[in-house]
Amino acid sequence: MAITGVMRAGHAQLRVLDIQVSRKFYRDVIGLVETGEDAQGRVYFKAWDERDHNSIVLRQADSAGVDFVGYRVLDAASLDQFERDLNARGVATRRIPAGEMLETGERLRFTLPSGHEFELFAEKAHVGNGLGLKNPPPWGPDAEHGMAPVRFDHCLLYGPNVAAVKALFTEVLGFRLVERILGPVEAGEPEVGIFLSCSNKTHDIAFVEHPNPGKLHHVSFRLNSWERVQRASDIMGMNRVPIDMGPTRHGVTRGETIYAWDPSGNRFETFAGGYEPYPDWEPITWTFDEFGHGLDYPTGTLHESFLGVVS
Ligand code: M3P
Ligand code: FE
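Residues numbered from 1 in each chain as written. Chains lettered and ligands numbered in written order. Predicted model: local features only at pLDDT ≥ 70, side-chain atom pairs only at ≥ 80, totals over all residues. Heavy atoms only, no water.

**Digging into the pattern of salt bridges**
Taken as a whole and judged by the stated rule, the model has 27 salt bridges. In this structure, Asp-52 engages Arg-72 in a salt bridge whose closest nitrogen and oxygen atoms are separated by 3.2 Å. Of this pair, Asp-52 sits in the loop between β3 (43–46) and β4 (56–60) while Arg-72 sits in strand β5 (residues 65–73), and the two are 20 residues apart along the sequence. Under the relative-accessibility criterion, Asp-52 is labelled buried at 7%. For Arg-151, the salt bridge identified is with Asp-153, shortest N-O distance 2.8 Å. Here Asp-153 falls in the buried class, since its relative accessible area comes to 2%. Among the charged side chains, a network of salt bridges with common partners joins Asp-38, Arg-42, Glu-100, Arg-107, Arg-109, Glu-117 and Glu-119. (Salt bridge = Lys/Arg side-chain N within 4 Å of Asp/Glu carboxyl O. Helix = DSSP H or I, 4+ residues; strand = E, 2+ residues; numbered from the N terminus. Buried < 20%, exposed > 50% of the residue type's maximum accessible area, 1.4 Å probe, protein only.)

**A closer look at the UniProt feature "domain: VOC" (unreviewed entry) in the protein chain**
UniProt tags residues 8–123 and 151–273 as "domain: VOC" (unreviewed entry). Across residues 8–123, helical content stands at 22% and strand content at 39%; the span's end C-alpha atoms are separated by 13 Å. Segment residues 151–273 splits into 19% helix and 46% strand. End C-alpha atoms: 14 Å apart. (UniProt positions renumbered as here; feature names shortened; annotations may be inferred.)

**A short note on the side chain of Arg-23**
Locating Arg-23 in the fold gives a position in helix α1 (residues 19–30). Here the side chain of Arg-23 touches Glu-34 through a polar contact of 2.8 Å, side chain to side chain. Ignoring sequence-local partners within four residues, the contact set of Arg-23 consists of Glu-34, Glu-37, Val-43, Phe-45 and Leu-58. (Polar contact = N/O pair within 3.5 Å; in protein donor to acceptor, adjacent residues only side chain to side chain. Contact = heavy atoms within 4.5 Å.)

**Examining the site of ligand 1**
Around ligand 1, the structure places 14 residues, and the nearest of them are His-154, His-203, His-218, Thr-253 and Tyr-259. Within the side chain of His-154, a nitrogen or oxygen atom sits 3.0 Å from an oxygen atom of ligand 1. His-218 has a polar side-chain atom sitting 3.0 Å from an oxygen atom of ligand 1. Burial of ligand 1 by the surrounding chains reaches 99%, relative to a free accessible area of 330 Å². A majority-of-atoms criterion places ligand 1 in the largest pocket. When contributions to the shell around ligand 1 are tallied by element, the ones reaching two or more residues are β9 (151–159) and α5 (291–295). For the shell around ligand 1, a count of residues per class yields eight nonpolar, five polar and one charged. (Near = heavy atom within 4 Å. Areas by Shrake-Rupley, 256 points an atom, 1.4 Å probe, with all protein chains shown as cover. 1 Å grid on protein atoms, 1.4 Å probe; cavity = no way out; pocket = protein on both sides within 12 Å on 5 of 7 lines; lining within 4 Å. Sits in = over half its atoms within 2 Å of the grid points. Nonpolar A, V, L, I, M, F, W, Y, C, P; charged D, E, K, R; others polar.)

**So, the sheet that holds strand β17 (residues 284–286)**
Taking strand neighbours across the sheet as the criterion, the nine strands line up as β14-β15-β16-β13-β9-β12-β11-β10-β17 in an open arrangement whose pairing is mixed. Edge strands, defined here as strands with exactly one partner in the open sheet, are β14 (243–249) and β17. Recorded for the sheet is a direction-independent mean angle of 20 degrees between the axes of neighbouring strands. As paired strands, β9 and strand β12 (residues 205–209) are joined by four bridges and run parallel to one another. Residue pairing for β12: Leu-157 is matched across the bridge by Phe-207. Its contacts with the sheet place helix α3 (residues 162–171) against β9, β10 (176–182), β11 (191–197) and β12, and it is angled at close to 20 degrees to β11. Across the sheet, helix α4 (residues 226–238) is in contact with β14, β15 (255–261) and β16 (267–273); its angle to β15 comes to roughly 15 degrees. (Pairing = 2+ DSSP bridges. Axes fitted to C-alpha atoms, helices over the stretch in contact; angles between N-to-C directions.)

**Some points on unusual backbone geometry**
The residue after Gly-246, namely Pro-247, is reached through a cis peptide bond having omega 0 degrees. Mapped onto the fold, Pro-247 is located in strand β14. One non-glycine residue, Ala-148, lies in the positive phi region at around 55 degrees. Looking at where Ala-148 falls in the secondary structure, it is placed in the loop between β8 (117–121) and β9.

**Here we look at the sheet that holds strand β6 (residues 94–96)**
With mixed pairing, the eight strands of this open sheet are ordered in space as β2-β3-β4-β1-β5-β8-β7-β6. Each of the sheet's edge strands pairs with one partner strand only, and the pair in question is β2 (33–37) and β6. Across the sheet, the mean angle separating the axes of adjacent strands is 25 degrees when strand polarity is ignored. Taken strand by strand, α1 contacts β1 (6–16), β2, β3 and β4, and its axis lies near 160 degrees from that of β4. Relative to strand β7 (residues 107–111), helix α2 (residues 76–88) is tilted by about 25 degrees, and along the sheet it contacts β1, β5, β6, β7 and β8.

**Brief notes about the environment of Ser-63**
On the secondary structure map, Ser-63 appears in the loop between β4 and β5. Accessibility expressed as a relative area gives 39% for Ser-63, which makes it partly exposed. It is 22 Å that separates the C-alpha atoms of Ser-63 and Phe-221, two residues lying 158 residues apart in sequence. What Ser-63 contacts, discounting residues up to four positions off in sequence, is Arg-15 and Leu-17.

Take a look at the structure:
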């Protein structure tokens, strides 16, 4: 498929309780590449195989959670068009000037019906993956440092009004529904979980219905194999990183996954696998009674902390 409009997850700004402890964790345990620090003291990282200057930004704060997430659009014309389409739909937007984030162009900011601050942007400096563009080797030292994910892949956000979020993403932002989780039959089987794609990944963003607005369930990092997921679990053990769930496989999206907590209590995922859906495919549905296997395919366990704890 031709990828136009919104292309991919670009950045997430996470709140952390101690910037130096978190900096070390994201750099040496998760294995991201540190790319800068700005005048506000925010610390910037990229995953090794990303080409953009940054994808994860840490800001010291009194509570954990996510300040905003940003998605990269194809070009400035797409950004202008999304601004017009959002405004026409009654969504108020504002422009954050270029340079407010390091090496990042102007951002179009708005609030989702779930209470999350969401951004689109067209420009972020390409710094490359360190391997060059001519006859590159397949990987270098950054690919072996810590868990070393290849990219910031997606996030799962918890908040109210999932139906309105779905309408906005599918009718204005050009995403499509790939999988969904239904609530109980007694409640009329509302869509309580939605997995949305703007590419041919199973999801570029996902939402779950929750009474509290603006909550982070997890940011997710892509690894290239199940073996790398197991290696990540070894690194979690070596560093006594608290694990929430896994290693296991989701039924939902078929991801091979582990969830764990960063030192501030933000959940992150390291995952591999999944499949490549196309725009003509019908969405997959998980019914409430089978959701345990959607979550943890082999055991069908409804992990209480996974379902209840957000930052
Ligand atoms: C993922 C994923 C739920 C499943 C989550 C799935 C909420 O995070 O990356 O596939 O059941
Ligand atoms: Fe995920």
